[in-house]
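# Tertiary structure, described
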Amino acid sequence: MKNFFVKVKNWFINHKPSKRRLIQVYAALLYNANIKGFINGTIFTGDTKNACVPGLNCYSCPGAVGACPLGALQNAMSSSGNTAPYYVLGILALFGLTLARTVCGFLCPVGLGQELLYKIKTPKIKKNRVTRVLSYFKYVLLFALVILLPILLHSPTFCKYICPAGTLGGGVSLLFHPENEDFFAALGGLFTWKFALMVAIIVLCVFCYRAFCRFLCPLGAIYGFFNRIALMGVRLDESKCTDCGLCINHCKMDIGKVGDHECIECGECIAVCPTKAISWKGSKIFLHPNAVAASVAAEETAGGEDFETLKPDLLQAKTVNETVPVSDNDGVVVMGPSGEEKAKRKSRKEKPRLSAYEKVKRRNKWLEIAAWSLASLFLAFVLIYYNFVLPPDEKIVIDKNQPCPEFTVQAYNGKETYSLSDSKGKVVVINFWATWCTGCVAELPDFNKLQENYLDDVVVVAVHGTVFEASYDGTEGVQRYIDEKNWNDYALTFVQDSDNLELKYSKTDDEGNVTVETKIGQLYKSLGGKGAWPTTVILDTEGKIVEVHQNTISYEKLEEKVLPLINK
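Everything quoted here is computed from the prediction, not taken from an experiment.

This paragraph deals with the sheet that holds strand E9 (residues 493–496). Taken in spatial order, the seven strands make up an open sheet running E6-E5-E9-E8-E7-E12-E13, and their pairing is mixed. Both edges of this open sheet fall to strand E6 (417–419) and strand E13 (545–549), since each of them pairs with a single strand only. Averaged over all pairs of adjacent strands, the angle between strand axes in this sheet comes to 30°, irrespective of strand direction. One ladder, built from five bridges, connects strand E7 (residues 427–433) with strand E12 (residues 535–539); its direction is antiparallel.

Across all of its chains, the model carries 18 aromatic pairs by this definition. Consider the rings of Trp11 and Phe12, whose centres lie 5.2 Å apart with planes at 90°: the pair is edge-to-face. What makes Trp11 partly exposed here is its relative accessible area of 46%. Ring geometry for Tyr385 versus Tyr386: centroids 5.3 Å apart, planes at 80°, classification edge-to-face. Among the residues examined, Tyr385 registers a relative accessible area of 32% and is labelled partly exposed. By the ring-pair criterion, three or more aromatic residues cluster together here, those being Trp433, Tyr481, Trp487, Tyr490 and Phe494. Its end group placed over the ring of Tyr555, Lys449 keeps NZ or CZ at 4.5 Å from the ring centre.

Take the confidence of the model for the protein chain next. Caution applies to low-pLDDT parts of the model: their predicted coordinates are not meant to be read in detail. Mean pLDDT over the protein chain: 81, with 77% of residues reaching 70 or higher. In this model residues 283–324 is a low-confidence stretch, pLDDT under 50, and it forms 90 contacts with partners more than four residues away in sequence or in other chains. Confidence drops under pLDDT 50 across residues 467–471; counting only partners more than four residues distant or on other chains, this segment forms 28 contacts.

To continue, consider the environment of Tyr209. One can find Tyr209 in the loop between helix H12 (189–207) and helix H13 (211–215). Taking the C-alpha atoms as reference, Tyr209 lies 6.8 Å from Glu115; in sequence the two are 94 residues apart. Excluding its chain neighbours within four sequence positions, the residues that come into contact with Tyr209 are Arg20, Glu115, Tyr118, Arg214, Lys252, Met253 and Ile264.

Cut-offs and rules
Residues numbered from 1 in each chain as written. Predicted model: local features only at pLDDT ≥ 70, side-chain atom pairs only at ≥ 80, totals over all residues. Heavy atoms only, no water. Pairing = 2+ DSSP bridges. Helix = DSSP H or I, 4+ residues; strand = E, 2+ residues; numbered from the N terminus. Axes fitted to C-alpha atoms, helices over the stretch in contact; angles between N-to-C directions. Phe/Tyr/Trp six-rings, centres within 6.5 Å; stacked < 30°, edge-to-face > 60°. Buried < 20%, exposed > 50% of the residue type's maximum accessible area, 1.4 Å probe, protein only. Lys NZ or Arg CZ within 6 Å of the ring centre and 35° of its normal. pLDDT = per-residue confidence, 0-100. Contact = heavy atoms within 4.5 Å.

As structure tokens, this is what we get:
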């Protein structure tokens, strides 16, 4: 029985997570602190979504509490016009100058997922000249899909066509929730392509270390430009380097040299360097045990009775009766007291003095304990705040034949505002669309056709949504999109949904008494929208809701639903 517990203890010791793995898990939890989003199948849309996290983490993930820097850059590029997106570029520069690809090695949830997949026992693809060449492909994607095409097509093309983090975090995780079953009807060929690509990348990561990170991730490409000048990361002391190549052979990334643009700054090479030429540039919290000795020089005392860390070839005892060479538990040779000196100290009841090495090691240990304690308290605070302190999003369930709440929103086409009361006595078709929604844009001509054919009896209102970041942000961006599409001559009434719009929705019982009265922040949400674009709401001539359709809809179906209301 005793042997069993010893084996269990040894297993845990041998399989305990490294410090880097704990930091990766910590970052993933911090980025996705809105755990209740996974439970409710909803996306957090609070104020912190205006700030970017350092790593790749999809904005549309139910747990995400911040924006993805890569998605923010694409949206900024697609809507910038002639103005440089200084805010997003500044955020990326800040992360790059301070952390660079340390983000990839320590703070990226996608990187953590890839490393866990690689642990599956299978034959592995070793790095070679082919993988080295393929590692430059992410720079092609950065230029083409993150910078050039978003400017030309006004669309976040990498997120839209490639990003597996978006497919898994913003797509699959939402589709798994039973309340989002309406989303399946809106899926098409684009999602099929992205899902197949995601599966292929996942399978490849089982056989090839960090395949997405090495070959496809534009965010890693951006941070790679800052590797040599960043405040944190690994550094190589070339005066100590013997070009033995052990660090490059040990590294699973396609590096040509420690700290180059392909290095993810994981620090795994520090332990294998025989001359201790590799060390950390940044905080000693992340120091590898073998790197502690490199910091001793700054703490060494000159003379006295303190222990001194010395190189073996320079080791000399000052007085044979006072000091002798000894080794500590890590194999570092130090000057220790002789047996005679120990006896003298014991008789004087003196506490043994610590060597400079031991002082540094003890100091780093307490700094590490303090840092982890503060980090744990902060994570606990964040998790409690997002899941228990913040009020839950109001869920509005719209019953058919309920009156649509009165609203007034900003209008386009030269009009200042549009109010529902302006269409009194007519059938109203409210279509929620967005510039970045391909299906929405494709079906708007059908809505215009319906408006033109039934101009006297129907009002079609095209409401641009504001729940997610749009390629054309704000009213000026949407108007520019309408101009480019030559939609100014459309008979549609184009309006902008508002984040600050306050509506009052009342539900009455059979006797006319108000039973529910709720203030709502968005027109889209107030009409039962759940995050699927396009959404079409149809009101009869009395202003009652008769249809909420969350999917694209053909002209024939539109006409089929509207004609009975006209002739009612």
